[in-house]
Amino acid sequence: MVQSGLDRAVGIVLALLFAAVMGLCLIAVLVADYMEPGRIVNEQARVTLRICGIAGAIAGLLTWWLQGFAAHRAFIIRFIYAMVIFLLVFCALGGLLEVISNFMLNTGPHDYSPSGLYWASLGGFYTFALFLIGSSNIGLITVLLAPGIILALVGPRETP
């Protein structure tokens, strides 16, 4: 199916809005969870909260773009595909951004050998994943499932 210029422009605007909403929702849910009265949030948690927002926005953009592969499928397939792709990209980007932030913010010596980078990336991924699992509130689970529903309903579609 050939798209006109207006269709592409609307698609780009919708993709950017979707990415902004996903990033802001992830930050809002996690900030609400971590900013309880009397609770002191350390700098590492603040950095990880920002990383969640950035990873959510980039994952939203990539998921919207990759949704074109499932655009001609049924609703349930589009939902599952979008949800799985969003979660994979979100966790992978979050772990990568966590590693980059650790290398940039920590002034100590770093191991740049392949095994050192492997263990640093694995540690960054686990830090990011445990940060998300540690909050374990229903709002976060809902926000992580929402991209599947949103993209299945209003994401890229083609008639079979």
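Figured I'd write up the structure that's included with this text. Predicted model only: the values in this text are computed from it and were never measured. Residue indices follow the written sequence of each chain, beginning from 1 at its first position. For this predicted model, a pLDDT threshold of at least 70 governs which residues receive local features, and a threshold of 80 or more governs which side-chain atom pairs are given and counted, while totals over whole chains, interfaces and linings are taken from all residues. Heavy atoms throughout the structure, all of them, feed into the side-chain values; hydrogens and water do not.

So, the overall build of the protein
Thinking step 1. Secondary structure elements follow DSSP: runs of H or I no shorter than four residues count as helices, runs of E no shorter than two count as strands, and numbering proceeds from the N terminus. Of the regular secondary structure elements, the protein holds 5 helices and 0 strands.
Thinking step 2. Counted from the first residue to the last, the protein has its helices and strands arranged as α-α-α-α-α.
Thinking step 3. Each principal axis of the C-alpha distribution contributes one length, and for the protein these read about 55 × 45 × 25 Å.
Thinking step 4. Categorising residues by exposure relies on relative accessible area from a 1.4 Å probe, with only protein chains included: less than 20% of the type maximum marks a residue as buried, more than 50% marks it as exposed, and the intermediate range marks it as partly exposed. The burial tally for the protein puts 36% of its 160 residues in the buried class.
Thinking step 5. What makes two residues a contact is simply this: any of their non-hydrogen atoms within 4.5 Å. Summarising the internal contacts of the protein: among those between residues at least 6 apart in sequence, 79% fall at separations of at least 24.
Thinking step 6. Surface summary for the protein: the accessible area is close to 9,500 Å², and the carbon and sulfur share equals 74%.
Thinking step 7. By the counting scheme adopted, Arg and Lys are positive, Glu and Asp are negative, and His together with the chain ends is not counted. Charge coordinates come from a single atom per side chain, which is NZ of Lys, CZ of Arg, CG of Asp or CD of Glu. Both charge centroids of the protein, one from 7 positive and one from 7 negative side chains, sit 10 Å from each other. With residues, only the protein chains shown are counted as cover, and all accessible areas are computed by Shrake-Rupley using a 1.4 Å probe.

Examining the nonpolar core
Thinking step 1. L26, L30, C52, F86, F90, L132 and L140 are the most contacted members of the largest nonpolar core, which totals 28 residues.
Thinking step 2. Secondary-structure elements contributing two or more residues to this core are α1 (5–34), α2 (43–66), α3 (75–105), α4 (114–135) and α5 (138–154).
Thinking step 3. When residues of this core are assigned to their parent elements, the largest contribution, 9 residues, is made by α2.
Thinking step 4. Setting aside residues no more than four positions away along its own chain, F90 makes contact with L26, C52, A55, G56, A59, F128, L132 and L144. The term nonpolar core refers to a set of buried residues drawn from Ala, Val, Leu, Ile, Met, Phe, Trp, Tyr and Cys, joined through side-chain atoms within 4.5 Å.

Describing the packing of α3 against α5
Thinking step 1. Note on definitions: angles span 0 to 180 degrees between N-to-C directions of axes, and those axes are lines fitted to C-alpha atoms, for helices only across the stretch in contact. The N-to-C vectors of α3 and α5 enclose an angle of 140°; their axes lie 7 Å apart at closest approach. If you check the angle between α3 and α5, you find them oblique. Where α3 crosses over α5, the handedness of that crossing is right-handed. Of α5, the residues touching α3 (which contributes F75, R78, F79, A82, M83, F86, L87 and F90) are L144, L145, P147, G148, I149, L151, A152 and L153.
Thinking step 2. Residues were grouped as follows: Ala, Val, Leu, Ile, Met, Phe, Trp, Tyr, Cys and Pro as nonpolar; Asp, Glu, Lys and Arg as charged; and all remaining residues, including Gly, as polar. When the residues that make up the contact of α3 with α5 are grouped by side-chain class, the tally is 14 nonpolar, 1 polar and 1 charged. Throughout this description, any angle smaller than 35 degrees is read as roughly parallel, any larger than 145 degrees as roughly antiparallel, any in the 65 to 115 degree range as roughly perpendicular, and the remainder as oblique. Throughout, a crossing is termed right-handed when the near helix is turned clockwise from the far one, and left-handed when it is turned anticlockwise from it by less than a right angle.

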